[in-house]
Amino acid sequence: MEAILSVRNLTRVFSRKGKERFTAVKHVSFDLMPGECLGIIGESGSGKTTLINMITRLLDATEGQIILDGEEITNLSGKALRKVYASMQMVFQTPTESFDPRCRLGDGIGESLRNAGRSRADTKTEAARLLEECGLPAEFAERYPHQVSGGQCQRAAIARALAIRPKILICDEATSALDVTIQKEILELLNRLRREKGTDLSILFICHDIALVQQFCDRVLVMYHGEIVEEGTPDNVIRNPQNDYTKRLIDSIL
Amino acid sequence: MSEPTVRIQKVRRDTLKIRLIVFGTLAALLLIGSIFSEHLTPYDPYLQDLMNTKAPPSAEHPFGTDRYGRDMLSRVIVGSRTSIFSTLLLVTIITVTGTVVGVFCGWHGKWTDTLLMRISDMFLAFPGLVFALAVAGVLGGGLHNAIIALAAISWPKYARIARSQTLAQKETAWMKAVKLSGSGTGKIILKHILPNIIGPILVTSMLDIGTMMMELAGLSFLGLGAKPPTAEWGSMMSDTRSLLATAPWVTLAPGVAIFVSVMIFNLLGDTVRDWADPKMRGR
Ligand SMILES: Nc1ncnc2c1ncn2[C@@H]1O[C@H](COP(=O)(O)OP(=O)(O)OP(=O)(O)O)[C@@H](O)[C@H]1O
Ligand SMILES: [Mg+2]
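Criteria and thresholds
Each chain has its residues counted from 1, running along the sequence as written. Chain letters start at A and ligand numbers start at 1, both assigned in the order the entries are written. In view of the model being predicted, local features appear only for residues whose pLDDT reaches at least 70, and side-chain atom pairs are presented and counted only at 80 or more, with totals across whole chains, interfaces and linings using the full set of residues. Side-chain descriptors were evaluated using all non-hydrogen atoms of the structure, hydrogens and water having been removed beforehand. Throughout this document, a residue counts as near a molecule or strand when at least one of its heavy atoms sits within 4 Å of that molecule or strand. We define a polar contact as two N or O atoms separated by no more than 3.5 Å, with the added condition that, inside protein, one atom must be a possible hydrogen donor and the other a possible acceptor, whereas residues neighbouring each other in sequence contribute only through side-chain atom pairs. Reported accessibility uses the Shrake-Rupley method at a 1.4 Å probe radius. Residues are deemed covered only where the shown protein chains occlude them. We place a 1 Å grid over just the protein atoms. Points where a 1.4 Å probe fits but has no way out form a cavity, open points with protein on both sides within 12 Å along at least 5 of 7 lines form a pocket, and any residue with an atom within 4 Å of a point lines it. Grid points are joined across faces, edges and corners, and a volume is the space filled by probe spheres set on the points. Helix and strand definitions follow DSSP, with helices as H or I runs of at least four residues and strands as E runs of at least two, each counted in order from the N terminus. Residue classes follow a fixed rule: Ala, Val, Leu, Ile, Met, Phe, Trp, Tyr, Cys and Pro count as nonpolar, while Asp, Glu, Lys and Arg count as charged, and any other residue, Gly among them, counts as polar. Take the residue count of a helix, subtract one, and multiply by 1.5 Å to get its expected span. Burial classes: relative accessible area under 20% of the type maximum marks a residue as buried, over 50% as exposed, and values in between as partly exposed (1.4 Å probe, protein chains only). The contact criterion used is simple: two residues touch if any of their non-hydrogen atoms lie within 4.5 Å. Simply put, the buried area is the total loss of 1.4 Å probe accessible area from both parts when two parts are fitted together. When a carboxyl oxygen of Asp or Glu is within 4 Å of a side-chain nitrogen of Lys or Arg, the pair counts as a salt bridge.

J.: Got a sec to walk through the site of ligand 1? Specific residues and values, please.
T.: Residues and elements named next belong to chain A. What surrounds ligand 1 is a group of 14 residues, the closest being Ser 44, Gly 45, Lys 48, Thr 49 and Thr 50. Measuring from an oxygen atom of ligand 1, one finds a backbone N or O atom of Ser 46 at 3.3 Å. In the model, an oxygen atom of ligand 1 is placed 2.5 Å from a nitrogen or oxygen of the Thr 50 side chain. Considering ligand 1 on its own, with 640 Å² of exposed area, one finds that the protein chains cover 65% of that surface.

Quick look at the structure:
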């Protein structure tokens, strides 16, 4: 099977004026298979967000390649780049802040559809359907982000990410800001979506919590200081950690 | 949220609404009055009556008459058109120019940002009056040139606000989400950035109406703005300042008009600022 997303040798160097250059992500390579759920764990500052910001091209890579569905997207810009987002969507850590405070949730959810040329009426029914699919009443389309709870907002954010029917869904600590019960609900929703979509949806699941990753992911990458230090199934990594950092990470929870 | 807080917020919101209505109506009346000012004057504001000069306020002439026997009330009313409209024109020009430049700088960044911001620094560092004098020296006096001079030194303030606000919006999480929706630059700026930054900008414009009215009147007072016999509040005060001791009403009438209008627009500006604060609105 062909990888849906391949990352090769991806590196990002931040150069701050007057300070030395800082390499946040160092020569990272991995493949994401269709239908796979790949977890990325690592401590705060290990470069997870920087890595996925490069993958979504919100941040330029210093070096390396990003290959989406056989096409290199590392240097795309403008219209060609916007087309890429039909295959790649993201759910953010802070649900409320991930919606424009002055736009209704429905408009946020429908924006990618409108940009893809769908009619207003069409978009509206689709947004309602997506909200219901994600466990919210369709009326939530009329609400503003500050009028819903964090968990509800995260459901709307998942609805927004699914609207354009992407092949890859990236969750950057999508549950970190939520309390445990809501976290569980969101994970159940993601699990259901995975079952329903099968190989049509691959998930890149960034997380601090190794227990969550064990429950949810097929495979896991451990990042430390910008590098991938360990890779394998969650069970293997937990039972049999090779790397010092991974050992410490696991010790700290068990 | 606990009950008392909710109640306090509600009361505040209600008085806010009343203030908005009252000051909005007053400002609207001022505007409408200035549009139809020619039809509202009890006398012809340019008609001289040399038999009745420097008459103190009376039933016939509530604001008295000036040294040519012209009715001061009529002159003040007619002066509102020039004073208020030139102010609004000026504020509109600086708001639009500043916002366009600021959003462009904030969004685009790089060398255009540096260049435009250095230019705006230059204008900010220039003493306004000196610049106005220089413009008047080059282009000649007159209301148009006074507006040009004030616009040239006033837009950078808006550019700075628009730029910093745009930069702040650019860094938000939702901006990433919007980009991932595949929206192009034009749509992002019109649909997402402008609605989010227009509040503070409009509040600044509202508060600036008063300031600009004073500055235009000030330039006219110095003879760099409207020229007699055009009735304009600043130049009316300037023309008649020698009468301050003998016929104070002639100087005071336009002064009071400036004071009242500046007051109304400032209060409206304050109210709009409170109203634009999302914490004060329906949650
Ligand atoms: N724009 C930037 N300029 C300079 N350094 C940056 C920038 N963005 C991130 N960094 C640095 O890169 C490193 C990795 O940051 P990143 O946000 O990717 O970590 P993370 O793994 O996502 O952490 P967290 O789990 O807290 O979200 C950090 O040390 C951070 O300080
Ligand atoms: Mg992060």
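J.: Pulling in residues and values, what's your account of the layout of surface pockets?
T.: For the largest pocket, the calculated volume is near 920 Å³. Going through the elements one at a time, α2 (78-84) of chain A together with α3 (72-108), α7 (173-180) and α8 (185-221) of chain B are the ones with two or more residues in the lining of the largest pocket. Residue composition of the lining of the largest pocket, by class: eight nonpolar, seven polar and eight charged.

J.: So what's going on with helix α5 (residues 150-162) of chain A? Residues and values would help.
T.: Residue and element names in this part refer to chain A. Spanning 13 residues, α5 covers 18 Å between terminal C-alpha atoms, matching the ideal 18 Å at 1.5 Å per step. α5 sits mainly inside the fold: eleven of its 13 residues count as buried. Residues of α5 that are buried include every one of Gly 151, Cys 153, Gln 154, Arg 155, Ala 156, Ala 157, Ile 158, Ala 159, Arg 160, Ala 161 and Leu 162, and no others.

J.: Got a sec to walk through the interface of chain B and chain A? Specific residues and values, please.
T.: Counting residues at the interface gives 19 residues for chain B and 23 residues for chain A. Summed over both sides, the interface of chain B with chain A buries roughly 1,900 Å², with 55% coming from carbon and sulfur. One can count zero salt bridges joining chain B with chain A. Applying the counting criterion to the chain B and chain A interface returns eleven residue pairs in polar contact (both at pLDDT 80 or more). The set of elements that each furnish at least two residues to the side of chain B that touches chain A consists of α7 and α8 of chain B. The element that contributes the greatest number of residues to the side of chain B that touches chain A is α7 of chain B, accounting for seven residues. Residue classes in the side of chain B that touches chain A are distributed as six nonpolar, seven polar and six charged.

J.: Give a detailed account of the pattern of salt bridges, specifying residues and quantitative values.
T.: This structure, assessed with the given rule, holds 21 salt bridges over all chains. Linking Arg 118 of chain A and Asp 122 of chain A is a salt bridge whose minimum nitrogen-to-oxygen distance equals 3.0 Å. Classification of Arg 118 of chain A as partly exposed rests on a relative accessible area of 31%. A salt bridge links Arg 160 of chain B to Asp 121 of chain B, with the shortest nitrogen-to-oxygen separation between them at 2.4 Å. On the criterion of sequence distance, the pair formed by Arg 160 of chain B in helix α6 (residues 143-170) and Asp 121 of chain B in helix α4 (residues 110-125) is long-range, its members being 39 residues apart. Judged by relative accessible area, which is 30%, Arg 160 of chain B ranks as partly exposed.

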